[in-house]
Amino acid sequence: MIDRAARGRLIPKFKEGTAQKVSNAILSATAGVASFIFSLGAFLYITRLNEQIVASIVAGLFCLLVSYIASERPNSQSARALSALGDRLLAVEQGDLTSPAPKVVRETMPKLATAVDSLFAEVRASIENAHALGMYDPVTSLPNRLHFRAEADKLLAARAPETMAAMLFVDLDRFKNVNDSLGHARGDQLLIMVANRLRVVVTAEVGEGQAGRPLLARLAGDEFTIFFPEIETAADAERVARRIALAISEPFELHGHSMDIGASVGVALSPEHGVAIESLMRAADIAMYRAKNAGGGRYCLFSEDLAAEHQRKVDTEAALSEAVQRGEFLLALQPQLSFSTGEVVGAEALLRWNHPREGMRLPGTFIPIAEQTGIIAEIGDWVVAEVASMLVEWQSQGIDRRIAFNVSPRQLDRADFFQRLRTTFADAGVPLSMIELEFTESAAMECSELVLDEIAALRRDGAWVAIDDFGTGYSNLARLRAMPLDRVKLDPSLIADIETSEKARVVVQAVVQLIKGVGAGVVAEAVENAAQADILRAMGCETVQGFVFAEPMFEEEYLEWTQNADRGSRSVA
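Residues numbered from 1 in each chain as written. Predicted model: local features only at pLDDT ≥ 70, side-chain atom pairs only at ≥ 80, totals over all residues. Heavy atoms only, no water.

> Give a detailed account of a nonpolar patch on the surface, specifying residues and quantitative values.
There is a patch of nonpolar side chains on the surface, built from Leu330, Met360 and Phe554 and spanning about 250 Å² of accessible area. Looking at where Phe554 falls in the secondary structure, it is placed in the loop between β16 (543-545) and α21 (555-568). (Patch = residues over 30% accessible without salt bridge, like charges linked within 9 Å, V, L, I, M, F, W, Y side chains within 5 Å. Areas by Shrake-Rupley, 256 points an atom, 1.4 Å probe, with all protein chains shown as cover. Salt bridge = Lys/Arg side-chain N within 4 Å of Asp/Glu carboxyl O. Helix = DSSP H or I, 4+ residues; strand = E, 2+ residues; numbered from the N terminus.)

> So what's going on with unusual backbone geometry? Residues and values would help.
With an omega of 10 degrees, the peptide bond running from Ser270 to Pro271 counts as cis. Looking at the secondary structure, you find Pro271 in the loop between β6 (263-270) and α9 (277-293). A positive phi angle, near 60 degrees, is found at Arg174, a position not held by glycine. In this structure, Arg174 sits in the loop between β1 (164-172) and α6 (175-182).

> Tell me about the nonpolar core, residues and numbers included.
Counting 82 residues, the largest nonpolar core has Phe329, Ile379, Phe405, Phe425, Ile435, Leu490 and Leu536 as its most contacted members. Among residues more than four places away in sequence, those in contact with Ile435 are Val387, Leu391, Arg402, Ile403, Phe405, Leu421, Phe425, Ala463 and Trp464. Listed in part, the 33 residues of the second largest apolar core include Leu172, Ala241, Ala247 and Leu254. (Core = buried A, V, L, I, M, F, W, Y, C linked by side-chain atoms within 4.5 Å. Buried < 20%, exposed > 50% of the residue type's maximum accessible area, 1.4 Å probe, protein only. Contact = heavy atoms within 4.5 Å.)

> So what about the sheet that holds β1? Which residues, and what values?
Sheets are built from strands that pair by backbone hydrogen bonding, the pairs being arranged parallel or antiparallel. Strand order across the open sheet formed by five strands is β2-β3-β1-β6-β7, with mixed pairing between neighbours. Only two strands of the sheet have a single partner each, and these edge strands are β2 (215-220) and β7 (299-301). The sheet shows a mean angle of 20 degrees between the axes of neighbouring strands, direction not considered. By the bridge criterion, five bridges tie β2 to strand β3 (residues 223-231) in an arrangement that is antiparallel. Among the inter-strand pairings, Ala217 is bridged to a residue of β3, identified as Thr225. (Pairing = 2+ DSSP bridges. Axes fitted to C-alpha atoms, helices over the stretch in contact; angles between N-to-C directions.)

> With reference to specific residues and values, describe the environment of Asn179.
Mapping Asn179 onto the fold places it in helix α6. A relative accessible area of 15% means that Asn179 is categorised as buried. Expressed as a C-alpha distance, the spacing of Asn179 and Leu190, which sit 11 residues apart in the sequence, is 9.7 Å. With near-sequence residues (within four places) excluded, Asn179 lies in contact with His184 and Gly187.

> I'd like a rundown of the pattern of salt bridges, residues and numbers included.
Applying the stated rule across the entire model yields 24 salt bridges. In this structure, Arg505 and Glu502 form a salt bridge, with 2.8 Å as the shortest nitrogen-oxygen distance. Within this pair, Arg505 and its partner Glu502 are both found in helix α19 (residues 502-517), separated by three residues, close to a single helical turn. In this structure, a network of salt bridges that share partners links the residues Glu348, Glu438, Lys489 and Glu525.

> Before we move on, could you go through the side chain of Arg361 and cite the residues and values that matter?
Residue placement: Arg361 occurs in strand β10 (residues 359-361). Judged by its relative accessible area of 10%, Arg361 falls in the buried class. In terms of polar contacts, Arg361 uses its side chain to reach the side chain of Glu358, at 3.2 Å. If sequence neighbours within four positions are ignored, Arg361 has contacts with Thr316, Arg352, Trp353, His355 and Phe366. (Polar contact = N/O pair within 3.5 Å; in protein donor to acceptor, adjacent residues only side chain to side chain.)

> Give a description of the confidence of the model for the chain that names residues and reports values.
Across the chain, pLDDT averages 84, with 81% of residues at or above 70. Across residues 5-17, confidence stays below pLDDT 50; counting only partners more than four residues off in sequence or on other chains, it has three contacts. Within the model, pLDDT remains below 50 along residues 569-573, and this stretch shows 16 contacts once partners closer than five positions in the same chain are excluded. (pLDDT = per-residue confidence, 0-100.)

Following this line, the structure appears as structure tokens:
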């Protein structure tokens, strides 16, 4: 059975078809009657045969014409409607999505006209939705990068020349830990909460009489930005940045977890730091990274000094990418002496960069940048190869001394690092007992169990393992006890003032006992005077390295120095 709704849709169609049939029937009947009257009059009043024939032919043609008109009338009207509809559809190419269906279509095919109007309405709605998705962040509903730049450009162009504008970059601290521990879904919820706190800060600024409404956006990941088209002074911009840092520093309650993340905020001002959105964003970004490198949870105002420092960093990155190929790196060797015998027990290989314009550069001026960019992995490969080559030459001369070198956390991230290291020394014919791998304290505490297994395998095969700069980071004592380890090197900051500070001596003594407790030897580096050396020897340090005995030197000088040391049987005991 046909339900009521379907019957309701069929009745108008039935009525429309019936009306068309009735109209055609009336037109055909009229044509027949007219033809009959014409023929009857012709036969009544025309007596000649040839005239009757002509009249019959004319009457027949007239009847045929009327019948043709009756049959073709609906078809020609439909054709006109379809032609008009085609013209309307072609108008879409010119961007016309708002004009209704043509009048002739509405009169001839009302259902089709309604369907066309509905279709265009749906297309317009879909385009508007796509535009919204393309201009707003789906997680926080804030404007995205594209929308922000377009709107900020307009606001900056519309401001009065004498007014000041401010750009704030906000980057969350430790947000990655949330994603890693709780998952990306919880991370998105945290981003929503951060966006709400930022809205509160912005709303408070507007409430305090801010002339132009600030523009808040989420650029990407955990990066947010706020643009103030009008701000009174630089102090006002810093005040807002401080409020943001304080607001984000408050713990977030997330499904029973208290999350402490913090935020680093960079501030740039217009026109002082740029008159275009691109330059302001770049300046704020540089300032934000300075705040993050300073420990996070704070703000930084852009300055010319920051700009110069950033440019030096960019230049260093560019030069580092080609330094290995150009052969600009060198290894300096600093002797390590035994406290008990005074003998040279080995050396640490220290990297030097012979810059073509700036001369010899120390690691502190370029290693952090190499770590950030990942170039350190390539530099590390060069160090391994250079140490292997150096030890091959020493073996040929009968020199049997170990060389220690640093391993970057970036190198440990490479799945093939340990195999490549083994292959390099095996191909050179150098036993692993001739090398000592130094890992930073943070890398040693954070490396995976798989990496620990690889380190343990190297140690079983003869390589020495050491922790460098111990005392600068958080140490997991359980990890320290379980780690395959031969020596621990005290960070220079621990021993800097042990000859003048009782507290420093107490701390160092405790650290030395801790290291000995896990079965490792103690190396004191950066020892600068005899007083420090005497104290460290009394505390139980086995090995010393520092200016008090020898500065870093290149290979030829090192070999000569060690030969003199051997001949003189030098003792530090």
